[in-house]
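Survey of secondary and tertiary structure
Residue-level listing of the chains:
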Amino acid sequence: MDLIDYVEWRGDLPFSKSAFCDVDALVLCQLSYLNFDGLISEDFGSKISLRELWKAFEESPDYESRKSLGALISERTVRLLELCGSSKRFGNLFASGYVSKIDLENEEQFSALTFFESAFNSNPFAAFRGTDDTIVGWKEDFNLAIEEVVPAQRDALEYLERLAKKTRGKILVGGHSKGGNLAVYSSAFSSDRCKKRIQRVFNFDGPGFRRELIQDPRMESLVPFVHSYYPKLSIVGMLFRHAGDFSVVDSGAQGLMQHDPFSWLVLPSSFKNLDGFDKAAELFYRTFNEWLEGVSKEKRSLVVETLFKVITAGGAKTNSDLGKDWLKQGAAILKAASELDKKTRDEIFELAQNLFNVAAKNITEKRP
């Protein structure tokens, strides 16, 4: 059973009969990937039910473009909204506080919205969007390896503080992919007034944080409230270090496609959990983080800037752009790669060789 099956099967059970669970949290986080521009107010005081939201989404003049989520986000998310809107379980939830921001100059992609069980401003669930189809969104993910704080993390913290001032009661926070990172970061570094209201933080296969940030007392104080969920062959979730407990979820997909929440297997009120990760995920975690922590900030920056300079050489703004005219984009990428100066090529080669050496060591060493 996947998320679609879950809402179809459990959608007739209101939260009063079957309590809010981890799968419900993932459903709401997945809905955050949809384009709700003009449909949900940024004001927490103005709300729309999910039943009304689906109708407004479906009847919007630009419905065809809204339902196209790019190369990496499943269009089944639209069907998920439809099912949620027509269900007893989700249809009477309210949404508000929608923000969506793309800032090319500051290399930021950020979006969030909040769900409420009633029209009152109490017990909110803040859902942060993960990385979307934009290349700038992926660039910001890579910048996590370079910058102390990326712009989306600052905006997530500001969003959560604003939410806390406008609402009352317990606060739940969650997100998938980069959204999970934003959920953890904003909760950890929020004010004491906000943090004492946070009951649970859901991180669905989001990248972690560099070691020095994980060891920050503010992050350590959040550990009891954070739970992370990773597919058995997690890649995105294995980036950097993590705080809190975690579960490994079974997936019906292979390889990188396990990052897609629609591939995760669910039971009536929980995920189908496994005893541990695939060995490839464990190897990637050890190798990548050991290698990264041995590379200077300057060289990390060189890798990221060079990579995205090459990727965007053909003028692509989204991952979909890269696939639309792959011959043109591929030629531009190859040309840009061939024109790198010798010093840059040598440094990139050296870093790649170091990564290979770390991987080889981790493959051959005996584990306890």
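A short tour of the structure in this document, coming up. Throughout this description, residue numbers start from 1 for each chain and increase along the sequence as written. Since the coordinates come from a predicted model, pLDDT governs what is reported: local features require at least 70, and pairs of side-chain atoms require 80 or more to be given and counted, while whole-chain, interface and lining totals use all residues. Excluding hydrogens and water, the side-chain values take into account all heavy atoms of the structure.

Buried, partly exposed and exposed residues are distinguished by accessible area as a fraction of the type maximum, computed with a 1.4 Å probe on protein chains only: under 20%, between the cut-offs, and over 50%, respectively. Counting from the N terminus, the helices are DSSP H or I runs at least four residues long and the strands are E runs at least two residues long. By the criterion of burial, strand E6 (residues 198-204) is predominantly enclosed, with 5 of the 7 residues buried. Of the pairings in the sheet, the one linking strand E5 (residues 171-176) to E6 comprises 6 bridges and is parallel in character. Residue pairing across strands places Val173 opposite Val201, the latter belonging to E6. Strand direction decides the pairing type here: E6 and strand E7 (residues 226-231), joined by 4 bridges, are parallel. Across the sheet, the residue bridging to Phe202 is His227, located in E7. For two strands to count as paired, DSSP must find a minimum of two bridges between them.

Let us now look at unusual backbone geometry. Within the chain, Glu107 stands out as a residue other than glycine whose phi angle is a positive 55°. Relative to the elements of secondary structure, Glu107 occurs in the loop between strand E2 (94-103) and strand E3 (108-116). Of the residues examined, Glu107 reaches a relative accessible area of 25% and is grouped as partly exposed. The backbone phi angle of Ser177 is positive, close to 60°, even though this residue is not glycine.

The subject of this paragraph is the packing of aromatic side chains. Pairing of aromatic rings covers Phe, Tyr and Trp, the last counted by its six-membered ring, and requires centre-to-centre distances within 6.5 Å; plane angles under 30 degrees mean stacked, over 60 mean edge-to-face, and any other angle means tilted. Using the criterion set out here, one finds 25 aromatic pairs in the structure. Measuring from ring centre to ring centre gives 6.0 Å for Phe125 and Phe202, while their planes differ by 35°; the resulting arrangement is tilted. Taken together, the residues Phe125 in strand E4 (residues 125-128) and Phe202 in strand E6 connect sequence positions 77 residues apart. An aromatic cluster of at least three residues, connected via ring pairs, comprises Phe15, Phe20, Phe90, Phe125, Phe202, Phe204, Tyr229, Trp264 and Phe271. Two limits define a charge over a ring: the Lys NZ or Arg CZ must be within 6 Å of the ring centre, and within 35 degrees of the ring normal. Geometry around Phe116 places Lys47 over its ring, the cationic atom sitting 4.7 Å from the centre.

Relative to the helices and strands, Arg300 is located in helix H13 (residues 297-311). Neither His nor the chain termini are counted; the positive set is Lys and Arg, and the negative set is Asp and Glu. We define a salt bridge as a side-chain nitrogen of Lys or Arg found within 4 Å of a carboxyl oxygen belonging to Asp or Glu. For the buried Arg300, no salt bridge exists, and the shortest N-O distance to an oppositely charged side chain is 5.8 Å, to Glu212. Side-chain atoms alone can form a polar contact between residues adjacent in sequence; in general such a contact is a pair of N or O atoms within 3.5 Å, and within protein one must be able to donate a hydrogen while the other accepts it. A polar atom in the side chain of Arg300 sits 2.5 Å from the backbone oxygen of Ala145. Contact between two residues is taken to exist if any of their heavy atoms lie within 4.5 Å; hydrogens are not considered. Beyond its immediate sequence surroundings of up to four residues, Arg300 is in contact with Ala145, Ile146, Arg210, Leu292 and Val295.

It is worth spelling out empty space enclosed by the protein at this point. For cavity detection a 1 Å grid was placed over the protein atoms alone, and a set of points counts as a cavity when a 1.4 Å probe fits there but cannot get out; an open set counts as a pocket when protein lies on both sides within 12 Å along at least five of seven lines, with lining residues being those that have an atom within 4 Å of a point. Grid points are joined across faces, edges and corners, and a volume is the space filled by probe spheres set on the points. Considering all chains together, one arrives at 3 cavities of 30 Å³ or more under this definition. Counted as a void, the largest cavity has a volume near 90 Å³. Following the grouping adopted for this structure description, the nonpolar residues are Ala, Val, Leu, Ile, Met, Phe, Trp, Tyr, Cys and Pro, the charged ones are Asp, Glu, Lys and Arg, and the polar ones are all others, Gly among them. Its residues assigned to classes, the lining of the largest cavity comprises 5 nonpolar, 2 polar and 4 charged. If you add up the space inside the second largest cavity, you get close to 50 Å³. Lining the second largest cavity, in full, are Gly180, Asn181, Val184, Asn203, Gly206, Pro207, Gly208, Phe209, Val226, Ser228, His242 and Ala243. Broken down by secondary-structure element, the contributors of at least two residues to the lining of the second largest cavity are helix H8 (178-188) and E7. In terms of residues, the lining of the second largest cavity owes the most to one element, H8, which gives 3 residues. Here the residues of the lining of the second largest cavity are counted per class, giving 5 nonpolar, 7 polar and no charged.

Looking now at the pairing of strand E8 (residues 245-249). Direction of pairing for E7 relative to E8: parallel, over a ladder of 5 bridges. Bridge pairing in E8 links Tyr229 to Ser247.

Structurally, Arg154 can be placed in helix H7 (residues 151-166). For the pair Arg154 and Gln30, spaced 124 residues apart in sequence, the C-alpha separation works out to 22 Å.

Structural elements are reduced to axes, namely lines fitted to C-alpha atoms, with helices fitted over the stretch in contact, and the angle between N-to-C directions of any two is expressed from 0 to 180 degrees. In contact at an axis separation of 8 Å, helix H3 (residues 50-59) and helix H5 (residues 76-85) are set at 135° when each is read in the N-to-C sense. On the basis of their axis angle, the class for H3 and H5 is oblique. Crossing of H3 over H5 shows left-handed handedness. For the pair H3 and H5, the contacting residues are Leu50, Arg51, Leu53, Trp54 and Phe57 in the first and Val78, Leu81, Glu82, Cys84 and Gly85 in the second. Residue classes in the contact of H3 with H5 are distributed as 7 nonpolar, 1 polar and 2 charged. Should an angle fall under 35 degrees it is taken as roughly parallel, and over 145 as roughly antiparallel, whereas 65 to 115 is taken as roughly perpendicular and any remaining angle as oblique. For any helix crossing, the convention is left-handed if the near helix is rotated counterclockwise from the far helix by under a right angle, and right-handed if that rotation is clockwise.

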